[in-house]
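# Per-entry structural report
These are the residues of each chain, in order.
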Amino acid sequence: MNRPWWRGSVIYQIYPRSFRDANGDGIGDLPGILERLDYVASLGVDAIWLSPIFPSPMADMGYDVSDYTGIDPLFGTLADFDALLKRAHEVGLKVMIDQVLSHTSDQHAWFQESKSSLTNPKADWYVWVDPQPDGSPPNNWVSVFGGSAWEWNATRRQYYLHNFLKEQPDLNFHHPEVQEALLGTMRFWLERGVDGFRFDTVNFYFHDRELKNNPPATRSEDRPSVNPYDMQEHLYSKTQPENLAFLERMRALLNEFPDRTTVGEVGESHERSIPVMAEYTDGEDRLHMAYSFEMLQEHFSAQHFRRCVEQFFEIAHDGWPCWSFSNHDVIRHVTRWARHASQRPQLARQAAALLLSLKGSVCLYQGEELGLPETELAFEELTDPPGIHFWPDYKGRDGCRTPIPWTTGEAPNGFTSGTPWLPIKPPHTALSVEAQEADRNSTLQFYRTLLQFRKAHPELRSGEIRFFDLEEPLLAFTRTLDNHSLVALFNLSSETQTVSLAGECALEGPSQNALVHEEILTLGPNGFAFMLPVWGITAIQQQSNR
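Residues numbered from 1 in each chain as written. Predicted model: local features only at pLDDT ≥ 70, side-chain atom pairs only at ≥ 80, totals over all residues. Heavy atoms only, no water.

With that settled, consider unusual backbone geometry. The linkage connecting Ala411 with the following residue, Pro412, adopts the cis geometry, with an omega of 15°. When you line up the elements, Pro412 lands in the loop between helix H11 (385–390) and helix H12 (426–429). Here the residue pair Glu472 and Pro473 is connected by a cis peptide bond, since its omega of 5° sits within 30 degrees of zero. Tracing the backbone shows Pro473 in the loop between strand S12 (464–467) and strand S13 (474–481). Of note, the phi angle at Met58 is positive, near 65°, even though the residue is not glycine. (Helix = DSSP H or I, 4+ residues; strand = E, 2+ residues; numbered from the N terminus.)

Here's what the structure looks like:
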């Protein structure tokens, strides 16, 4: 009963541009979210996370902020935000907002002043560095979005750092005034009543003062990567030790306001991502939660999911993760993992059951509850800078950002009365909210059932986890809280598997392609089952369904 609300919570990510457009300009907005807030509440989630809604030139769709304490007119007004916040609280939803603190827009007043001279009051608020004698940048750091991480400014005769677009200059967190200013913007929203923050690129805040070159990354193939960023080990351009002290300052600020929370996005290499998540959340004076991209990639195996969870809790005994399978930066998981399933709806439901039964909090991305696949877009339909830059080898993030199909029929499917900023295509139209509300066997209805099941079993929200030693493609674990346990079993393949059970057992709650006969559990393609632990798993017999 004393567990904080965020511990074991389910957070629903809303990408405002693509959720619901109320004024017909083709871009989703705050009044549109307000119109559909009851729908979100009906899912059974605990909170919403709003991707950036601040004033922005939209070079990176709002992740280039030009004013931290306002609302972009595309999305509405501060009054619209207050109305949304009030209604969310009325229907039992917490509200978290994105904080993009590592960099600003180059149109932000801070940067405009900073770039004007070498001696202005904000001259050192960004990372400015003299060129090398031959005019080249100070080191080999590269941008996540391609090319050098350094951009020349003719007025100052210096380079400035941008880990992303050149329109997104990095703030200098080594400067005390920068830290104070950013904490002040956070206080503005806390006093307005928000329940927490999602911190974008939370490990990018500090850079190495000595500007040491990053070493090359270990590569498994001779051919260069599509994006040169992947060819470096980013030891000095991010994830610096000074970051921990600033996380503690942020936590101290949050502690002034009851029941608030934080979740940080950790963008790190495969080997370092889980350890950094653990380090950033361990104890009670840093982030409340963190997530990385470990479960947002191609990996789909029992070993991988088990490794992520066990490694995290081995390092951070007091830390807390927030797991997710899809978000606005990656290919939707029913497309990403399609080769592991014979039917997409079965994969969608299995993924939901797995995600919502792991130890930690959970983030669901809008449309995930509909089983939406990645949208195939033509080059001329793209808006995402890295997709345009690296096409066709990397198609960018637009495919996971297309608008929600609310109604059946022809596009734009209830999203807007105008022309949507990204197209809604037939594969999404067939999966509309309207169609799935009318189908008791739909993926949407399954999500509701599963979320109710999670709430009815506290062990799934905050219980301990223990994995069974099974072979691929079987994953099994128990969740235990106060002597109440639940066992979860998953067949992560499109071929039937069987598990021998010792003693009697019974299915508990939602399942898929699962059949118990005497002491044998049969899991069909992408099958899963929850069971009461009145037995033990003693043996496995794997059989093909062909």
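Our next topic: the side chain of Ser9. By secondary structure assignment, the location of Ser9 is in the segment before strand S1 (10–14). Take Ser9: its relative accessible area is 0%, and that puts it in the buried class. Within the local environment of Ser9, its side chain forms a polar contact with the backbone oxygen of Trp6, the two atoms lying 2.9 Å apart. Setting aside its immediate chain neighbours within four residues, Ser9 contacts Asp46, Ser361, Val362, Arg454 and Arg461. (Buried < 20%, exposed > 50% of the residue type's maximum accessible area, 1.4 Å probe, protein only. Polar contact = N/O pair within 3.5 Å; in protein donor to acceptor, adjacent residues only side chain to side chain. Contact = heavy atoms within 4.5 Å.)

Moving on, we get to the packing of aromatic side chains. Working definition: an aromatic ring pair is given by the centre-to-centre distance plus the angle between the planes. Considering all chains together, one arrives at 39 aromatic pairs under this definition. A centroid spacing of 5.9 Å and a plane angle of 65° characterise the contact between Phe446 and Phe528, whose relative ring orientation is edge-to-face. Of this pair, Phe446 sits in helix H14 (residues 443–456) while Phe528 sits in strand S17 (residues 520–531), and the two are 82 residues apart along the sequence. The burial state of Phe446 is the same as that of Phe528; both residues are buried. (Phe/Tyr/Trp six-rings, centres within 6.5 Å; stacked < 30°, edge-to-face > 60°.)

A few words on the pattern of salt bridges. On inspection of all chains with the given rule, the structure shows 28 salt bridges. Measuring nitrogen to oxygen at the nearest pair gives 3.1 Å for the salt bridge that ties Asp208 to Lys212. Overall, the relative accessible area of 31% leaves Lys212 in the partly exposed class. In this structure, Glu294 engages Arg307 in a salt bridge whose closest nitrogen and oxygen atoms are separated by 2.5 Å. Highlighted residues: Glu294 in the loop between strand S9 (289–291) and helix H8 (302–315) and Arg307 in helix H8, separated in sequence by 13 residues. The class for Glu294 is buried, based on a relative accessible area of 1%. What you see here is one network of salt bridges that share partners, running through Asp60, Asp329, Asp384, Arg397 and Arg401. (Salt bridge = Lys/Arg side-chain N within 4 Å of Asp/Glu carboxyl O.)

In the contact formed by helix H7 (residues 273–281) and H8, the axes pass within 9 Å of each other and the chain directions differ by 40°. Taken together, the axis directions place H7 and H8 in an arrangement best described as oblique. Here H7 runs over H8; the crossing is right-handed. Side by side, H7 and H8 meet where Ile274, Pro275, Met277, Ala278 and Thr281 of the first sit next to Arg307, Cys308, Gln311, Phe312 and Ile315 of the second. Classifying every residue of the contact of H7 with H8 by side-chain character gives 7 nonpolar, 2 polar and 1 charged. (Axes fitted to C-alpha atoms, helices over the stretch in contact; angles between N-to-C directions. Parallel < 35°, antiparallel > 145°, perpendicular 65-115°, else oblique. Left-handed = near helix turned anticlockwise from the far one by under 90°. Nonpolar A, V, L, I, M, F, W, Y, C, P; charged D, E, K, R; others polar.)

Now for the sheet that holds strand S5 (residues 150–153). The strand order across the open sheet formed by 3 strands is S4-S6-S5, and the pairing between neighbours is antiparallel. Every other strand in the sheet has two partners, leaving strand S4 (128–129) and S5 as the edge strands with one partner each. Alignment of S4 against strand S6 (residues 158–161), held across 2 bridges, turns out to be antiparallel. Residue pairing across strands places Val129 opposite Tyr159, the latter belonging to S6. (Pairing = 2+ DSSP bridges.)

Spatially, S9-S8-S7-S3-S2-S1-S11-S10 is the arrangement adopted by the 8 strands of the open sheet, whose pairing is parallel. The strands lining the two open edges of the sheet, one partner per strand, are S9 and strand S10 (322–323).

For the rest of this paragraph, the subject is helix H6 (residues 243–255). Because an α-helix completes one turn every 3.6 residues, residues spaced three or four positions apart along the sequence face the same direction. In this model, H6 (13 residues) spans 18 Å end to end at C-alpha, consistent with the 18 Å of a helix rising 1.5 Å per residue. Residues Asn243, Leu244, Phe246, Leu247, Met250, Arg251, Leu253 and Leu254 constitute the buried set of H6. As for H6, its buried residues are in contact with helix H5 (176–192), strand S7 (196–199), strand S8 (261–265) and H7. (Expected span 1.5 Å × (residues − 1).)

What follows concerns the environment of Leu165. Among the structural elements, Leu165 can be located in the loop between S6 and H5. For Leu165, a relative accessible area of 12% gives the class buried. In sequence terms Leu165 and Ser105 are 60 residues apart; their C-alpha atoms lie 9.3 Å from each other.

Attention now goes to the nonpolar core. Core analysis: the biggest nonpolar cluster contains 138 residues, and Tyr12, Leu50, Phe81, Met250 and Trp323 have the highest contact counts within it. With 7 residues, the single largest contributor to this core is H5. Not counting chain neighbours up to four residues away, the residues in contact with Tyr12 comprise Phe19, Tyr39, Val40, Leu43, Val45, Ala47, Ile48, Trp49, Leu364, Gln366, Gly367 and Glu369. Counting residues in each nonpolar core, the second largest holds 13 residues, with Phe468, Val487, Cys505 and Met531 among its members. (Core = buried A, V, L, I, M, F, W, Y, C linked by side-chain atoms within 4.5 Å.)

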